[in-house]
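Below, each chain spelled out in residue letters.
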Protein chains: 2
Amino acid sequence: MVEPGAETKPLQEWLSQADTVEVVRELQHLEPIERAAAFRLLSKEAAREVFEQLEPVYQEELVQSLREDQVRELVESMEPDDRARLFGEMPAAVVQRVLAGLSQHEQDMTGLLLGYPAESAGRIMNPEFLALRAGMSVQEALAAVRRRGPDVATVYAIPVTDEHGRLIGMLELEDLVFAEPDERIDQVMDDEPHRVHTKQDQEEVARLLQAADLLAVPVVDSEERLVGLVTVDDAMDVLANEEGEDLARAGASEPLGRPYLSVSIFQVAHSRVVWLMLLAIAATLTVNVLSAFEGMLDQIVSLSLFIPLLIGVGGNCGAQSATTVIRAMAIDELRGRDFLRVIYREARVGLLLGLTVAAIGLAPVWLLFGRSLAAVVGLTLIAVCTLASVVGATMPLVAERIHIDPAVVSAPAVTTVVDAAGLLVYFAIARAILAVY
Amino acid sequence: MVEPGAETKPLQEWLSQADTVEVVRELQHLEPIERAAAFRLLSKEAAREVFEQLEPVYQEELVQSLREDQVRELVESMEPDDRARLFGEMPAAVVQRVLAGLSQHEQDMTGLLLGYPAESAGRIMNPEFLALRAGMSVQEALAAVRRRGPDVATVYAIPVTDEHGRLIGMLELEDLVFAEPDERIDQVMDDEPHRVHTKQDQEEVARLLQAADLLAVPVVDSEERLVGLVTVDDAMDVLANEEGEDLARAGASEPLGRPYLSVSIFQVAHSRVVWLMLLAIAATLTVNVLSAFEGMLDQIVSLSLFIPLLIGVGGNCGAQSATTVIRAMAIDELRGRDFLRVIYREARVGLLLGLTVAAIGLAPVWLLFGRSLAAVVGLTLIAVCTLASVVGATMPLVAERIHIDPAVVSAPAVTTVVDAAGLLVYFAIARAILAVY
């Protein structure tokens, strides 16, 4: 144990008055040893709050460096869903040891959640809820809230169940507060509430909470029995995580799943190498295309000068179109049935962009390289922009048809496909205009 | 008016039993005329709920197609913050006309919000709140909640103010429900609550609600007087929008700001053309580099065969690294002071990736094009991957230093910068190994 000496005084002072959110933020920027030392300076209550808000990867790191009784205390006081998230990150042996230290009740709760698939509603729900019965009066319901409230996930959105535990309604705490004490709760509850199933994808669940402005959504099993609640704060975390994953994929990496500075360079390289290799292999197509036209390049060397520019512009057009379409699909603005409409739109947008770029590029190329080459470059720009916009929109739409997440269609993937196609177009146009073989 | 005839019967039936979220989703996929017709079939109450959840662009479209008294009714019942969002989208003349039809109170509320800068806390807050006084008992506070609750933004997070309207605490409704009736509320409130200022950026506000798991955060003016509350449902919408903007920028487009299918192809082209032109102009650098080495290309045509492959791999490496760094900066995992640490990490990751790709590519190039060219291509791959990873990480970090949003550093922007630099490296290595000029 580090005894707080003269050196740690200012830090300790800052820690004692700073807000939890700030402490969490600062801790995540420290090196592991400093982090563990700073964490030990926190008061018991502050340590509990800070631990709860830390990313699972830092929680796990602290678990390794704290005494067993401290770990038990921290983990025991966590919400079951947060605990399940932490356990999902830890080596199985450590999970076993920590789990064994918990009370039977908390062991059961955590085991239940870990039984559901990763990224499902069941995994992120909180199984400790208060359920009311339809026959209760508002007064009785409020008494139940006062009695059980402090131990459950939330009292702001309260489920109502029948005698078999099946969900029959939801009410909000404000409904109870605003109602007369002797009203029956089936008169104030919403009897057609939103609900999700245990195996439903967590992103779908989060988007439902967002679209319907809910504070919590009930989770039911295959027999419509209530098994937990997903609260809005967990939904926000899910959306933030999914955003990170989508952005990583947009740059052709696998999501790291943990903070950047907390992973080794081998893990970073690992998250990128597969895509990089796949794209490099796909890019060998461009070598083949160029080999096929080597004779032309030999005759007119200046043709090669425009290769990076032309495929660059094409790649950018494709990336723009893919990004727009992927996003529109993610938030359900576009569906598979809009396929032809989207392709037709993107073809026109690409043509428009190609015409603009070609119009501006024509004069300088003409002046420096002559009329024929200017014509080749201009026509190629128009064709490549149109082609790239269509390809960029087609790739995510096709991905969805064959049940692949459209978000894996990254800008680099589109660029690579467009590169080879763009070169073919370039040489076809050059051959036609310059009459070379 | 369309009279509901035989044809619209099934639609009307579906509309009358479907959930608001589903109706909203379906409406957004219809053509404008169908959408207006379907909307008119909704019951008054359903129309109000659906209208509230529609994107502002569709709200505006409906405003154009409905009778003036219907519009007045719909707009009057909106929350002030949602109304401010809608008005931000509408032509000024229409805003004036609609505003004039509202009650004085609603006019004042909306005017207040529109006075704050776009994307600020003041713009998205709800100015209709219930504020308690510190001296009140819990019983009095609950009575105030019952009386005023139905008219205010939320009763789940309740601000406490002093006689000058300055924020001195926050409490949650559950605190009131769990407390004894005769306790004073300054005993149950949090007297160091999170707060934001009217001009603070909306994304910062939303991330605070997420990090601290708040249901609402109070907004104060420059004299710490309470002026409104930002609720968690608005925070989720903000995060979802920012996500869309970041993804658009990652693909080098300006965000459309409205649903893809609702904008004309000219608007789509407009959102892309500036970046496309800037990148095309930057890409002319590659033409200059190649011109400078035209003599080498003339001597060894096969050098040109690998140009798209090499700059493609480099561009992909750069995009991967930029995406990772931009994301880590957005969620505050990385800051400016981590600059050198990040560059050093990315240099090693790039080197690792370059070695991997080169190792796999060496044999086929050797077999097909000989030892010397294989050496040139292999060394270039290693150098370009390292360079690209460093450039990809540097660009967003530099952007932040000069106070530009790192998110504008798109994969295409990185690719374009890496293209020219990669070519220089390629020819330098080729000259050294092949001894050509």
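Visitor: Any chance you could break down the overall build of chain A for me, citing the residues and the numbers?
Guide: Across its full length, chain A carries 22 helices and 6 strands. Its C-alpha atoms put chain A at 90 × 60 × 35 Å along the principal axes. Intrachain contacts of chain A at a sequence separation of at least 6 include 66% that bridge at least 24 residues. A total of about 18400 Å² of accessible surface is found on chain A, and carbon and sulfur atoms cover 55% of it.

Visitor: I'd like a description of the interface of chain A and chain B, backed by residues and values.
Guide: Opposite the 110 residues of chain A that make contact, chain B presents 110 residues. In total, chain A and chain B occlude about 10200 Å² of area from one another, counting both sides; carbon and sulfur atoms represent 65% of this. It is Tyr156, Met236 and Tyr260 of chain A that lose the most area in chain A upon contact with chain B, and together they represent 8% of the buried surface on that side. For the pair chain A and chain B, the number of links is 6 salt bridges. Residue arginine 207 of chain A pairs with glutamate 243 of chain B through a salt bridge whose shortest N-O separation is 3.9 Å. Taken together, the links from chain A to chain B amount to 28 residue pairs in polar contact (both at pLDDT 80 or more).

Visitor: Go over the packing of aromatic side chains, please, and point to the residues and values.
Guide: Per the counting criterion, the structure on display carries 9 aromatic pairs over all chains. Members of the aromatic cluster, connected to one another through ring pairs, are Phe293, Tyr426 and Phe427 of chain A. A cation sits over an aromatic face here: arginine 345 of chain A above tyrosine 260 of chain B, 4.8 Å from the ring centre. Against the face of tyrosine 344 of chain A rests arginine 348 of chain A, its NZ or CZ located 4.1 Å from the ring centre.

Visitor: Help me get a handle on the sheet that holds strand 6 (residues 226-231) of chain B, residues and values and all.
Guide: Residues and elements named next belong to chain B. Spatially, 3 strands are ordered 4-5-6 in an open sheet, and the strand pairing comes out mixed. Each edge of the open sheet is held by one strand with a lone partner, namely strand 4 (196-197) and strand 6. Bridging between strand 4 and strand 5 (residues 216-220) involves 2 bridges; their strand directions are parallel. Bridging from a neighbouring strand, valine 196 pairs with valine 219 of strand 5. Together, strand 4, strand 5 and strand 6 form the strand contacts of helix 14 (residues 202-211), whose direction differs from that of strand 5 by roughly 140 degrees.

Visitor: Requested: an account of the pairing of strand 2 (residues 157-161) of chain B, with residues and values cited.
Guide: All names here are of chain B. Taken across its 5 residues, strand 2 has 5 buried, putting it largely inside the fold. Neither face of strand 2 is left uncovered, since the one carrying Ala157, Pro159 and Thr161 and the one carrying Ile158 and Val160 both have all their residues buried. Here strand 1 (residues 132-133) pairs with strand 2 via 2 bridges, running parallel. Paired with arginine 133 across the strands is threonine 161, a residue of strand 2.

Visitor: Run through the pattern of salt bridges, naming residues and quoting values.
Guide: This structure, assessed with the given rule, holds 33 salt bridges over all chains. Put simply, glutamate 73 of chain A and lysine 44 of chain A hold a salt bridge, and the shortest N to O gap is 3.2 Å. Of this pair, glutamate 73 of chain A sits in helix 6 (residues 68-76) while lysine 44 of chain A sits in helix 4 (residues 44-53), placing them 29 residues apart in sequence. Taking relative accessible area as the criterion, lysine 44 of chain A reaches 62% and is therefore assigned exposed. Salt bridges sharing common partners tie together Glu203, Arg207 and Arg327 of chain A together with Glu243 of chain B.

Visitor: Which residues make up helix 5 (residues 56-65) of chain A, and what values do they have?
Guide: Residues and elements named next belong to chain A. Buried residues dominate helix 5, accounting for 7 of its 10 residues. Those residues of helix 5 that sit buried are Pro56, Val57, Tyr58, Gln59, Glu60, Leu62 and Val63. Here the buried face of helix 5 lies against helix 2 (20-29), helix 3 (32-40), helix 4, helix 6, helix 7 (80-89) and helix 8 (92-100).

Visitor: Provide a residue-level description of the relation of the copies chain A and chain B, including the pertinent values.
Guide: After a rotation of 180 degrees and a shift along the axis of 0.0 Å, chain A superposes on chain B with an RMSD of 0.1 Å. Those values place the two copies in the arrangement expected of a two-fold rotation axis. With an isologous cut-off of 70% or more, the 100% of interface residues of chain A that recur at the interface of chain B puts this contact in the isologous class.

Visitor: Lay out the environment of serine 43 of chain B in plain terms, naming residues and giving numbers.
Guide: Along the chain, the position of serine 43 of chain B falls in the loop between helix 3 (32-40) and helix 4 (44-53). Here alanine 46 of chain B takes part through its backbone nitrogen, which lies 3.2 Å from a polar atom of the side chain of serine 43 of chain B.

Visitor: Report on the packing of helix 15 (residues 232-250) of chain A against helix 15 (residues 232-250) of chain B, specifying residues and quantitative values.
Guide: Two elements in contact, helix 15 of chain A and helix 15 of chain B, have axes separated by 11 Å at closest approach and are oriented at 0 degrees. Between helix 15 of chain A and helix 15 of chain B, the angle is such that the two are roughly parallel. Contacts from Val232, Ala235, Met236, Leu239, Glu243, Asp246, Leu247 and Ala250 of chain A in helix 15 of chain A reach Val232, Ala235, Met236, Leu239, Glu243, Asp246, Leu247 and Ala250 of chain B in helix 15 of chain B.

Visitor: Just give me the short version of a nonpolar patch on the surface, but keep the residues and values in it.
Guide: Residues and elements named next belong to chain A. The grouping of Val398, Ile402 and Ile404 at the surface amounts to a nonpolar patch, some 240 Å² of accessible area in total. Position of valine 398 among the secondary structure elements: in helix 21 (residues 371-401). Judged by its relative accessible area of 34%, valine 398 is partly exposed.

Visitor: Which residues make up the packing of helix 21 of chain A against helix 22 (residues 411-434) of chain A, and what values go with them?
Guide: All names here are of chain A. It is the contact of helix 21 with helix 22, at a shortest axis distance of 8 Å, that shows an interaxial angle of 150 degrees. The orientation of helix 21 relative to helix 22 falls into the category roughly antiparallel. The handedness of the crossing between helix 21 and helix 22 comes out as right-handed. Its residues assigned to classes, the contact of helix 21 with helix 22 shows 21 nonpolar, 4 polar and no charged.

Visitor: Please provide a residue-by-residue account of the sheet that holds strand 4 (residues 196-197) of chain A, values included.
Guide: All names here are of chain A. On the basis of which strands lie adjacent, the open sheet formed by 3 strands has the order 4-5-6 and mixed pairing. Only two strands of the sheet have a single partner each, and these edge strands are strand 4 and strand 6 (226-231). Where helix 14 (residues 202-211) meets the sheet, its contacts fall on strand 4, strand 5 (216-220) and strand 6, and the angle it forms with strand 5 comes to roughly 140 degrees.

Visitor: Pulling in residues and values, what's your account of the nonpolar core?
Guide: Judged by nonpolar contacts, the single largest core of 123 residues is most densely connected at Leu303, Phe306 and Phe427 of chain A together with Leu303, Phe306 and Phe427 of chain B. Ranked by residues supplied to this core, first place goes to helix 21 (residues 371-401) of chain B with 12 residues. Setting aside its immediate chain neighbours within four residues, phenylalanine 427 of chain A contacts Leu290, Phe293, Met296, Leu297, Leu303 and Ile307 of chain A. Val145 of chain A together with Ala134, Ile185 and Val230 of chain B belong to the second-largest nonpolar core, a separate cluster that totals 90 residues.

Visitor: Requested: an account of unusual backbone geometry, with residues and values cited.
Guide: All names here are of chain A. With a phi angle near 65 degrees, glutamate 119 is a residue other than glycine that sits in the positive phi range. One non-glycine residue, aspartate 213, adopts positive backbone phi at about 50 degrees. Checked against the element boundaries, aspartate 213 lands in the loop between helix 14 and strand 5. By relative accessible area, which is 37% here, aspartate 213 ends up partly exposed.

Criteria and cut-off values
Residues numbered from 1 in each chain as written. Chains lettered and ligands numbered in written order. Predicted model: local features only at pLDDT ≥ 70, side-chain atom pairs only at ≥ 80, totals over all residues. Heavy atoms only, no water. Helix = DSSP H or I, 4+ residues; strand = E, 2+ residues; numbered from the N terminus. Contact = heavy atoms within 4.5 Å. Areas by Shrake-Rupley, 256 points an atom, 1.4 Å probe, with all protein chains shown as cover. Buried area = accessible area lost by both parts, 1.4 Å probe. Salt bridge = Lys/Arg side-chain N within 4 Å of Asp/Glu carboxyl O. Polar contact = N/O pair within 3.5 Å; in protein donor to acceptor, adjacent residues only side chain to side chain. Phe/Tyr/Trp six-rings, centres within 6.5 Å; stacked < 30°, edge-to-face > 60°. Lys NZ or Arg CZ within 6 Å of the ring centre and 35° of its normal. Pairing = 2+ DSSP bridges. Axes fitted to C-alpha atoms, helices over the stretch in contact; angles between N-to-C directions. Buried < 20%, exposed > 50% of the residue type's maximum accessible area, 1.4 Å probe, protein only. Least-squares fit on C-alpha atoms with pLDDT ≥ 70 in both. Parallel < 35°, antiparallel > 145°, perpendicular 65-115°, else oblique. Patch = residues over 30% accessible without salt bridge, like charges linked within 9 Å, V, L, I, M, F, W, Y side chains within 5 Å. Left-handed = near helix turned anticlockwise from the far one by under 90°. Nonpolar A, V, L, I, M, F, W, Y, C, P; charged D, E, K, R; others polar. Core = buried A, V, L, I, M, F, W, Y, C linked by side-chain atoms within 4.5 Å.

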